[in-house]
Amino acid sequence: MNRINKTIVVRFFSIEADDSFFENFEAGILTSLSSNLRSRIFNVRNAKHLIKLSQDSKVLDISSYAVTVVKERNTWQTKATSDGTITGISLNQGIIGDPYFFFVVPSKKILLGFTSGPSGSLKTVGKTMLEQFKNDRLSKLKLNLIPKEKEFSTLNELPAYSSLHFKINSSSLSDISSDAPELIKNLSSAPYIENNMQLSLDLEFNASEKSLSKENVLEIVNYLSDHDGCTVLKLKGINTDGTLIQLDFVNAFFDYRTQLTTRNKFIDENSSVVILTEALSKYLEECV
């Protein structure tokens, strides 16, 4: 079998949660590991998820915990064989889906991870995984990409936006996550957009006309800035002094990129731990 080169992009998220969450997380995961209860399947919004825990490890004397998640892909509905037989997919005690690999670092309140599935769903799956370790179901938990540039603090401070410009390849919209912004969902389902087209959109915002809200714009910028298919992402806004500000959000977040050469179509857990260890080492050396 030929070797396959896979490009890996590890994303870094800050975890916003009560201090008790991080204490309970470590206690819960260590209890599960000691009792060999390392995997289980649960349902979230009609999609099955499998969580599998690995042994804890230390990177530069900082404890991290590896967690693998497989999220069921509901779009796979049938199996077709060469003789023309088309049947449904039936599984016993298992699921078919995309793997997501995470490191949780409680002492730094960060989560890092990557997937070979839809990249836009990494944040959602990571949040879903962490919520399984919450004792208080009413407490809030939030993930935010860790910025490496100052643009995002300025973005939130601007009272008004005037325009948004972005370029994205239509092929990267063929498999978007369920939590994608409505504008992105509409683009992905537009019948007039062909495969492998370079889309260039300019959106002008006028306060006197019905337009996207500030929350909508923030949602789009956050989504596209974490999307590998987006090559240009610029936003113009007006600050409190009435001055026009232009912000560039391509490569605005901290990430770790590498390549994996494998004979498998999927990435195995041992390889994922090596990649995440390298990524965490780089982050700790450069950012902490």
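Just so it is clear, the model here is predicted, and its values are computed rather than measured. (Residues numbered from 1 in each chain as written. Predicted model: local features only at pLDDT ≥ 70, side-chain atom pairs only at ≥ 80, totals over all residues. Heavy atoms only, no water.)

1. Examining the overall build of the protein chain
To keep it simple, the criterion reads: Secondary structure follows DSSP: runs of H or I at least 4 residues long count as helices, runs of E at least 2 residues long count as strands, and numbering of each begins at the N terminus. When we talk radius of gyration, it's over C-alpha atoms, and the globule rule is simply 2.2 Å times the number of residues to the 0.38. Residue burial is assigned from relative accessible area. The probe radius is 1.4 Å, only protein chains are included, and a residue is buried under 20% of its type maximum, exposed over 50%, and partly exposed in between.
Check the secondary structure of the protein chain and you find 6 helices and 14 strands. For a compact globule of 288 residues, the expected C-alpha radius of gyration is about 19 Å, and the protein chain comes in at 21 Å, within 12% of that figure. Its C-alpha atoms put the protein chain at 60 × 55 × 40 Å along the principal axes. When burial is assessed residue by residue, the protein chain has 44% of its 288 residues classed as buried.

2. Some thoughts on the packing of aromatic side chains
For any pair of aromatic rings, geometry is given as the distance between the ring centres together with the angle between the planes. Rules: Stacked, tilted and edge-to-face pairs are distinguished by plane angle, under 30 degrees for stacked and over 60 for edge-to-face with tilted covering the rest, among Phe, Tyr and Trp rings (Trp via its six-membered ring) whose centres lie within 6.5 Å.
Counted according to the given criterion, the structure contains 8 aromatic pairs. With 5.3 Å between their ring centres and 80 degrees between their planes, Phe21 and Phe22 make a pair best called edge-to-face. The residues Phe21 and Phe22 share a single accessibility class, namely buried. Arranged with centres 5.9 Å apart and planes meeting at 75 degrees, the rings of Phe25 and Tyr65 form a pair that is edge-to-face. Within this pair, whereas Phe25 is found in helix 1 (residues 19-34), its partner Tyr65 is found in strand 4 (residues 62-72), the two being separated by 40 residues in sequence.

3. A few points about the pairing of strand 4
Defined as follows: Strand pairing follows a simple DSSP-based rule, namely that at least 2 bridges must link the two strands.
Along strand 4, 9 of the 11 residues are buried, which leaves the element largely enclosed by surrounding structure. One ladder, built from 9 bridges, connects strand 3 (residues 47-59) with strand 4; its direction is antiparallel. Bridge pairing in strand 4 places Ser57 opposite Ser64. Hairpin remark: strand 3 followed by strand 4, antiparallel, with 2 residues in the connecting loop; positive phi at Leu60, about 50 degrees.

4. Quick look at the nonpolar core
Rules: Remark: nonpolar core denotes a set of buried residues (Ala, Val, Leu, Ile, Met, Phe, Trp, Tyr, Cys) joined through side-chain atoms within 4.5 Å. The contact criterion used is simple: two residues touch if any of their non-hydrogen atoms lie within 4.5 Å.
Core analysis: the biggest nonpolar cluster contains 56 residues, and Met129, Leu130 and Phe166 have the highest contact counts within it. Excluding residues that lie within four positions of it along the chain, Met129 makes contacts with Ile51, Val67, Val69, Phe102, Val104 and Leu111. By size, the runner-up hydrophobic cluster in this structure holds 23 residues, among which are Val10, Ile62, Leu112 and Tyr256.

5. Topic: the sheet that holds strand 11 (residues 198-204)
Using the following cut-off: Simply put, an axis is a line fit to the C-alpha atoms, just over the touching stretch for a helix, and the angle between two N-to-C directions goes from 0 to 180 degrees.
Sheet architecture is open: 4 strands sit in the order 11-10-12-13, paired in antiparallel fashion. Looking at strand neighbours, the two that pair on one side only are strand 11 and strand 13 (244-248), the edges of this open sheet. When strand polarity is set aside, the average angle formed by the axes of neighbouring strands in this sheet is 10 degrees. Relative to strand 12 (residues 230-238), strand 10 (residues 160-169) runs antiparallel, the two being bridged by 8 bridges. Bridged to Phe166 within strand 12 is Leu233. Helix 5 (residues 214-224) contacts strand 10 and strand 12 of the sheet and is inclined by roughly 30 degrees relative to strand 10.

6. Overview of helix 6 (residues 269-287)
Applied cut-off: To estimate how far a helix should reach, multiply one less than its number of residues by 1.5 Å. Pairs of N or O atoms are called polar contacts if they sit within 3.5 Å, as long as, within protein, a hydrogen donor faces a hydrogen acceptor (for residues adjacent in sequence, only side-chain-to-side-chain pairs).
Given a rise of 1.5 Å per residue, 19 residues ought to cover 27 Å, and the 26 Å separating the end C-alpha atoms of helix 6 matches this to within 8%. With a side-chain oxygen lying 3.1 Å from the backbone nitrogen of Asn270, the N-terminal cap of helix 6 falls on Asp268.

7. Some words on the pattern of salt bridges
Put simply, the rule reads: What counts as a salt bridge is simple: a side-chain nitrogen of Lys or Arg found within 4 Å of a carboxyl oxygen of Asp or Glu.
Throughout the structure, instances matching the rule amount to 5 salt bridges. Between Lys52 and Glu269 there is a salt bridge, with the nearest N and O atoms lying 3.1 Å from each other. Separated by 217 residues along the polypeptide, Lys52 in strand 3 and Glu269 in helix 6 bring together distant segments of the chain. Glu269 gets classed as partly exposed once you look at its relative accessible area, which sits at 28%. The shortest N-O distance in the salt bridge between Asp255 and Arg257 comes to 3.2 Å. Taken together, the salt bridges that share partners define one network made up of Arg11, Asp255 and Arg257.

8. Quick look at helix 1
Counted only if it meets this: The arc in question is the one traced by the directions running from the helix axis out to the C-beta atoms.
Taking 1.5 Å as the rise per residue, helix 1 with 16 residues should run 22 Å; its terminal C-alpha atoms sit 24 Å apart, in good agreement. Three or more residues of helix 1 are buried, namely Phe21, Phe22, Phe25, Ile29, Ser32 and Leu33. Looking straight down helix 1, one finds its buried side chains confined to an arc of 100 degrees; they lie on one side. Every exposed residue of helix 1 that faces more than 90 degrees away from the buried side is listed here: Asp19, Glu23, Thr31 and Ser34. Contacts made by the buried residues of helix 1 are with strand 1 (4-16), strand 3, strand 4, strand 7 (97-105) and helix 2 (122-131). Following helix 1 by one or two positions, Asn36 has its phi on the positive side, about 65 degrees.

9. Some words on the environment of Phe254
Along the chain, the position of Phe254 falls in the loop between strand 13 and strand 14 (255-262). Judged by relative accessible area, Phe254 falls into the buried class, the value being 7%. C-alpha separation for the pair Phe254 and Pro147, spaced 107 residues apart in sequence, amounts to 5.7 Å. Non-local contacts of Phe254, meaning those with residues more than four positions away in its chain, are made with Phe12, Ile146, Pro147, Lys148, Lys282, Tyr283, Glu286 and Cys287.

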